[in-house]
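Here's the letter readout for the chains.
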Number of protein chains: 2
Amino acid sequence: MPSLLVDNIGELVTNDAGRGEGGPLGIRRRVALLIEDGEVVWIGPTTDTPSADHRIDAAGSAVLPGFVDSHAHLVFAGDRAAEFAARMAGERYTGGGIRTTVGATRAASDSELRATVRRLRAEALRQGTTTIEIKSGYGLTVVDEARSLRIAAEVSTETTFLGAHVVPAEYAARPDDYVSLVCGPMLAAAAPHARWIDVFCERGAFDADHARAILTCGQAVGLGVRVHANQLGPGPGVQLGVELGAASVDHCTHLTDADVDALVSTRAGDEDGGTTTVATLLPGAEFSTRSPYPDARRLLDAGVTVALATDCNPGSSYTSSMPFCIALAVREMGMTPAEAVWAATAGGARALRRDDIGVLRPGARADLVILDAPSHLHLAYRPGVPLVRQVLHNGVPR
Amino acid sequence: MPSLLVDNIGELVTNDAGRGEGGPLGIRRRVALLIEDGEVVWIGPTTDTPSADHRIDAAGSAVLPGFVDSHAHLVFAGDRAAEFAARMAGERYTGGGIRTTVGATRAASDSELRATVRRLRAEALRQGTTTIEIKSGYGLTVVDEARSLRIAAEVSTETTFLGAHVVPAEYAARPDDYVSLVCGPMLAAAAPHARWIDVFCERGAFDADHARAILTCGQAVGLGVRVHANQLGPGPGVQLGVELGAASVDHCTHLTDADVDALVSTRAGDEDGGTTTVATLLPGAEFSTRSPYPDARRLLDAGVTVALATDCNPGSSYTSSMPFCIALAVREMGMTPAEAVWAATAGGARALRRDDIGVLRPGARADLVILDAPSHLHLAYRPGVPLVRQVLHNGVPR
């Protein structure tokens, strides 16, 4: 594979803390970056660049690691634009609309689902997302969950079995039976296509006992744990996630001090992030449901590791834009631009327990974004503007 | 000029009220649109299309009039990303940073200013903005205001003399002298390049007497009136604008009932919008200064004509994205998606007293946007996502 030099980088966000300025962002200025075989192999001053087969001139722009979107629901059919419009006219979001998408998803062909997943994956990549986690959760039958994950696995290695998204209508009167189905044949069919297991632990979805049972079954077959927790109100999700060693608890809108303490405790002695439970915040959901935002400042000040993700889904957050989430995090959640950029790159990588992405240093994957801007600050300073000029994924320009 | 047929339009927003569904949006479904000599000449069913030299297949997508951004400050030099970051960390926006940009703008060469204007104009066009108003206001000398407008006029016919943006530092002790300069030699040098005159009527900028004096001088040489009004607090700007027959009063964040009544009164008997004073809301500014949003719902319910614009400028709102403003208007200002889309197209046209843009009907300019989405709703439903697939400006694909 020919080598590629990205030259004339004005500001390189490495997320390699301690190397360069900007604290955790590890910012280096006026550098070049050499890629071979899909990996970063060298970073150094533009005055002393090695030879390479190809060259991209970043023209003084900012370059950062590709965004890591660690929470997305891309396998679905149908459109809930009308529900969105009704909500903006005053209706409240309860999560009940998920069942609308379940019906449409079950009725769709594989090729329809595949087309949607690929369209949204491509849309996200154009906006700089080089890694995206994709959940099932709109099938809720053995066959439909398995095919959702099979289709997701065609475009991402970060696939998550979310059979416990809601209790489907046909099991409404007997949720215990649905939990048995999820832990039994559904998990067996899903696990070959999944890396993670996730549960929507919330009033109206799954309580702590059901969630623990499902997540424990998933762990037993080798899946890592993530939890939808504390979105619509206080609840047991965050502490359950910590108890089970979850890589991430997601949403975290309504937290008690004990929840925050539990998250902080997972960082004790964890140098490489291997046992930390990340708080993944999804401000697109609060934007699109007109709900109060989570308090990122409180989490950061306490020492919790924070990630940002899109929650891309047709009901509560139909954005695929990580830059939009960064801008919201700064405007609405008290994060600095640097904290938000870190959370959308390195934070997402931690939430997926990955150390090869979300960082730019020799040995890391050559997933990176060249901005139409001189600084990472512009991602918050210029909200809504498509600032991603070029994306390299595994070292290949897209 | 060869004819062009845009075929297979799934949803056409015409803004031709009374024709089609959706009230003021005048939505028509499954239609085609024929363009000749930069104008729309025919709209009709896809089953009965005329022949044309070229054809674009909209593939069932939504098509709408190009966005009309009636408030932007594109002629400047320098970058205030650091000020933005400090504000997000808690500093308050007072407008004082304008003087930073004035210094950088005066020091810049014509070609530097021209490059920035053209870069931002192109960036806006890619996002669907086919008409953009451009203000001076960072020169604040006779020479620098005139050259700012000369450069703006190279890319837009909608140019606005804003010599009364702030009192420059060198006149701080003698604002009356600055008003005399603006009304005298500065206006004389600016007027040949401008269609409009504007004043920042706000505590800390220009009071009602100064603003009236400047706007009246501008009217005397044939310029139309616009006012920056009631952004940072209550004030006389809106009623002054109404008194002088302004096409638009912009910001309107802090309004009394008397302000709203004054705006409503301008619509009495005004069938074609020729005397209406539009309230142009700029939610990007509230987003980027973390300020309370204007209450669009109150204005709409009272019967005021509302426009949306970006306020694109390096200090308080460095977005060029009309779709972002639409999404904010729906989330934060109580507008329906239909109202926000109308305000960003037809509303902007009213704010510029234009009837050839912001509308798609035979005789209108062929300025239009083809979305990567089946409905205009997606502009609010999918915030932050670049949904503009193709832009036609004067009938020419860009």
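Residues numbered from 1 in each chain as written. Chains lettered and ligands numbered in written order. Predicted model: local features only at pLDDT ≥ 70, side-chain atom pairs only at ≥ 80, totals over all residues. Heavy atoms only, no water.

Here we take up the sheet that holds strand β13 (residues 278-281) of chain B. All names here are of chain B. Reading across the sheet, the 7 strands line up as β8-β9-β10-β11-β12-β13-β14 and stay open at both edges, with parallel pairing between neighbours. The open sheet terminates on both sides in strands that have one partner only, identified here as β8 (134-135) and β14 (306-308). One ladder, built from 4 bridges, connects strand β11 (residues 224-229) with strand β12 (residues 248-251); its direction is parallel. Following the sheet pairing, Arg-226 is matched in β12 by Ser-248. Across the sheet, helix α6 (residues 208-220) is in contact with β9 (159-164), β10 (196-201) and β11; its angle to β10 comes to roughly 175 degrees. (Pairing = 2+ DSSP bridges. Helix = DSSP H or I, 4+ residues; strand = E, 2+ residues; numbered from the N terminus. Contact = heavy atoms within 4.5 Å. Axes fitted to C-alpha atoms, helices over the stretch in contact; angles between N-to-C directions.)

Now for the interface of chain B and chain A. Contacts between chain B and chain A engage 42 residues on the former and 41 residues on the latter. Across the chain B/chain A interface, buried area totals approximately 3300 Å², and carbon plus sulfur atoms make up 60% of it. Among the ionic pairs, Glu-123 of chain B bridges to Arg-382 of chain A, the shortest N-O distance being 2.7 Å. At the level of secondary structure, the elements contributing two or more residues to the side of chain B that touches chain A comprise α1 (81-88), α3 (110-126), α9 (283-289), α11 (322-332) and α13 (378-381) of chain B. Of all the elements, α11 of chain B adds the most residues to the side of chain B that touches chain A, at 6 residues. For the side of chain B that touches chain A, the per-class residue count stands at 23 nonpolar, 8 polar and 11 charged. (Buried area = accessible area lost by both parts, 1.4 Å probe. Salt bridge = Lys/Arg side-chain N within 4 Å of Asp/Glu carboxyl O. Nonpolar A, V, L, I, M, F, W, Y, C, P; charged D, E, K, R; others polar.)

Attention now goes to empty space enclosed by the protein. All names here are of chain A. Within the structure shown, the criterion is met by 2 cavities of 30 Å³ or more. For the largest cavity, the lining is made up of 14 residues, of which His-73, Tyr-93, Ile-98, His-165 and Ser-316 are closest to its centre. Considered as a void within the structure, the second largest cavity measures approximately 90 Å³ in volume. Tallied by class, the residues present in the lining of the second largest cavity amount to 4 nonpolar, 7 polar and 1 charged. (1 Å grid on protein atoms, 1.4 Å probe; cavity = no way out; pocket = protein on both sides within 12 Å on 5 of 7 lines; lining within 4 Å. Points joined across faces, edges and corners; volume = space filled by probe spheres on them.)

On to the domain arrangement of chain A. All names here are of chain A. In terms of domain boundaries, chain A breaks down into domain 1 (4-66 + 358-397) and domain 2 (67-351). Computed from C-alpha coordinates alone, the two centres of domain 1 and domain 2 are separated by 29 Å. If you look at the interface, domain 1 gives 19 residues, while domain 2 gives 20 residues. Across the domain 1 to domain 2 interface the summed buried area is about 1500 Å²; carbon plus sulfur atoms make up 74%. Per-residue buried area on domain 1 facing domain 2 is highest for Gly-66, Leu-379 and Ala-380; these three make up 29% of the total on that side. Linking domain 1 with domain 2 are 0 salt bridges. At the surface where domain 1 touches domain 2, the tally comes to 3 residue pairs in polar contact (both at pLDDT 80 or more). Of all the elements in the fold, those that place two or more residues in the side of domain 1 that touches domain 2 are β5 (62-65), β15 (368-371), α13 (378-381) and β16 (388-393). Ranked by residue count, the leading element in the side of domain 1 that touches domain 2 is β16, at 4 residues. Its residues assigned to classes, the side of domain 1 that touches domain 2 comprises 13 nonpolar, 5 polar and 1 charged. (Domains from an automatic or database assignment. Polar contact = N/O pair within 3.5 Å; in protein donor to acceptor, adjacent residues only side chain to side chain.)

The next point concerns the packing of α11 of chain B against helix α12 (residues 337-351) of chain B. Residues and elements named next belong to chain B. Two elements in contact, α11 and α12, have axes separated by 9 Å at closest approach and are oriented at 140 degrees. Two packed elements cross with a definite hand, and for α11 against α12 that hand is right-handed. Between α11 and α12, the residues in contact are Met-322, Ile-326, Ala-329 and Val-330 and Pro-337, Ala-340, Val-341 and Ala-344, respectively. Grouping the amino acids of the contact of α11 with α12 by side-chain chemistry returns 8 nonpolar, no polar and no charged. (Left-handed = near helix turned anticlockwise from the far one by under 90°.)

Quick look at the relation of the copies chain B and chain A now. For these two chains of identical sequence, chain B goes onto chain A by a turn of 180 degrees and a shift of 0.0 Å along the axis, with RMSD 0.0 Å. The symmetry that links the two subunits is that of a two-fold axis. Among all C-alpha atoms of chain B, that of Gly-384 of chain B lies closest to the rotation axis, at 2.6 Å. The residues that chain B uses at the interface reappear at the interface of chain A in 98% of cases, marking a shared surface. (Least-squares fit on C-alpha atoms with pLDDT ≥ 70 in both.)

Axis angle and axis distance: for two packed helices, these are the angle between their axes and the distance between the axes, and together they describe the pair. All names here are of chain B. Direction vectors running N to C along α3 and helix α4 (residues 142-153) enclose 45 degrees, while the axes themselves pass 10 Å from each other. On the basis of the axis angle, α3 is oblique to α4. Relative to α4, the crossing made by α3 is right-handed. On α4, the residues touching Asp-110, Leu-113, Arg-114 and Val-117 of α3 are Arg-147, Arg-150 and Ile-151. (Parallel < 35°, antiparallel > 145°, perpendicular 65-115°, else oblique.)

All names here are of chain A. Restricting attention to buried positions, one finds in helix α8 (residues 257-265) the residues Asp-259, Val-260, Ala-262 and Leu-263. The buried residues of α8 all sit within an arc of 160 degrees when viewed along its axis, so they share a single face. For α8, the exposed residues lying more than 90 degrees away from the buried face are Asp-257 and Asp-261. Where α8 is buried, its residues contact α7 (237-243), β12 (248-251), β13 (278-281) and α10 (296-302). (Buried < 20%, exposed > 50% of the residue type's maximum accessible area, 1.4 Å probe, protein only. Arc of directions from axis to C-beta.)

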